[in-house]
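Residue-level structure breakdown
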There are 2 protein chains.
Amino acid sequence: MVQSGRDVAICDATLALLLEVGYDRMSMDAIAARAHASKATIYRRWPGKQELVLDAVKARGVGLTVAEDTGSLRGDLVATYRSAVHGSAADDADLIAGVLRAMRTAPELADCVRSQVIESKCDVSRVIVARAVARGELPAETDPLILHEVASALWFHRVLVVGGPVDDAFIAHVVDDVLMPLLDRSSRSAELQETQ
Amino acid sequence: MVQSGRDVAICDATLALLLEVGYDRMSMDAIAARAHASKATIYRRWPGKQELVLDAVKARGVGLTVAEDTGSLRGDLVATYRSAVHGSAADDADLIAGVLRAMRTAPELADCVRSQVIESKCDVSRVIVARAVARGELPAETDPLILHEVASALWFHRVLVVGGPVDDAFIAHVVDDVLMPLLDRSSRSAELQETQ
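Residues numbered from 1 in each chain as written. Chains lettered and ligands numbered in written order. Predicted model: local features only at pLDDT ≥ 70, side-chain atom pairs only at ≥ 80, totals over all residues. Heavy atoms only, no water.

**Some thoughts on the interface of chain A and chain B**
- Opposite the 34 residues of chain A that make contact, chain B presents 34 residues.
- When the two sides are added together, the surface that chain A and chain B hide from each other amounts to roughly 3,000 Å², 62% of it contributed by carbon and sulfur.
- At the junction of chain A and chain B, the tally comes to zero salt bridges.
- Scanning the region where chain A abuts chain B turns up eight residue pairs in polar contact (both at pLDDT 80 or more).
- Only α6 (89-105), α7 (107-118), α9 (144-162) and α10 (168-195) of chain A provide two or more residues apiece to the side of chain A that touches chain B.
- The greatest single-element share of the side of chain A that touches chain B, amounting to 12 residues, is contributed by α9 of chain A.
- Broken down by class, the residue content of the side of chain A that touches chain B amounts to 20 nonpolar, four polar and 10 charged. (Contact = heavy atoms within 4.5 Å. Buried area = accessible area lost by both parts, 1.4 Å probe. Salt bridge = Lys/Arg side-chain N within 4 Å of Asp/Glu carboxyl O. Polar contact = N/O pair within 3.5 Å; in protein donor to acceptor, adjacent residues only side chain to side chain. Helix = DSSP H or I, 4+ residues; strand = E, 2+ residues; numbered from the N terminus. Nonpolar A, V, L, I, M, F, W, Y, C, P; charged D, E, K, R; others polar.)

As structure tokens, then:
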């Protein structure tokens, strides 16, 4: 966990250098200089560059963190994706592009980012689906991994490839044109099986 | 269009340098040296760096190009995505990560790549949906843009974020767990409207 103001300054310096020079050429000396901290201070908190980048990315909190509870599946999806959008999409896109580039040159960083940052967001989808199942909106066998994969893919595609804003209109498009039809389809096929 | 062996060498040199030094620091001099070509030769074919990168990316043919015709919607989707996978996914991922990075620093390149490379792939989805509509597998109002967006997003996410192979198992997952249910849902809701 990143807690103190000094930690925040070190994480900010790490992300700034990651974008400017890339993961491979970023040194702990340069991070210390940029953050006005001593290397000893940094090494007391983080064993190395990889752990520092990972914490810095986590601290920036890009993506989903909280499953909002609104009383309906559609409401939960829209509110959760809205609460995940903060700051400018352009900043997020630069950071994501920088991290993806770093992941290509540092496989051990890639494994950490995937397991600790990307896959952990999956819990949000699990909570939303479990609530909808409890309310009777979805059948018990609904797979939250599909919801997670499709929502995550559409978000990355929007930010990195299309380069458009993740605004209310885009969130409504994702929820109403893709996710709800996809989840509703699972629900219908389960109903059909039950009545047959 | 890239035609001659010399053109291919120039395009290969362009992509290699794009990955090594990035778009901003890549010079026409360096491309000429790497391709063993004169700058005059390059400028006779391409007005500048941006046009050259765009042609090189197109020539590499990453992604969908041909809508395979198998006689069924599911067959067309599987065959089309299979034919789009060639060479190693790791090479493609490096190229895509390099191009996305270049797009972030060169907005005019980003516009070209989006309109001429990414959006043109949309035609493949249009052809597949039109054939399925003609066969009676999908209602006439099926939106091919949704198919294109979701398939494209899942492919980018797999290659760049998850870092997994785009193999037969992944293609079957995309088609059977996401695209067919999504298209089938559109088809069902249209049937319901017709019978009401």
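**Section: the side chain of Asp55 of chain A**
Residue and element names in this part refer to chain A.
- Assignment of secondary structure puts Asp55 in helix α4 (residues 49-60).
- Note on Asp55: relative accessible area 15%, which makes it buried.
- At 2.8 Å, the side chain of Asp55 forms a polar contact with the side chain of Trp46. (Buried < 20%, exposed > 50% of the residue type's maximum accessible area, 1.4 Å probe, protein only.)

**Side note on the state of the cysteines**
- According to the stated counting rule, one finds zero disulfides over all chains in the structure shown.
- Cys112 of chain A forms no disulfide, and the closest cysteine sulfur to it belongs to Cys11 of chain A, at a distance of 15 Å. (Disulfide = S-S within 2.5 Å.)

**Here's the deal with the pattern of salt bridges**
- Inspection of every chain in the model, using the stated rule, returns 20 salt bridges over all chains.
- Close ionic contact of Arg131 of chain A with Asp76 of chain A constitutes a salt bridge, the shortest N to O distance being 3.1 Å. Of this pair, Arg131 of chain A sits in helix α8 (residues 122-134) while Asp76 of chain A sits in helix α5 (residues 73-84); the two residues are 55 residues apart in sequence, bridging distant segments of the chain.
- Residue classification places Asp76 of chain A among the buried residues on the basis of a relative accessible area of 0%.
- Of the charged contacts in the structure, one is a salt bridge between Asp29 of chain B and Lys39 of chain B, with a shortest N-O distance of 3.2 Å. You can see Asp29 of chain B sitting in helix α2 (residues 28-35) and its partner Lys39 of chain B sitting in helix α3 (residues 39-45), a full 10 residues away along the chain.
- What makes Lys39 of chain B partly exposed here is its relative accessible area of 35%.
- Put simply, Asp69, Asp76, Arg131, Arg135 and Glu137 of chain A are held in one network by salt bridges that share partners.

Everything listed here is a matter of geometry and, on its own, says nothing about what the molecule does.
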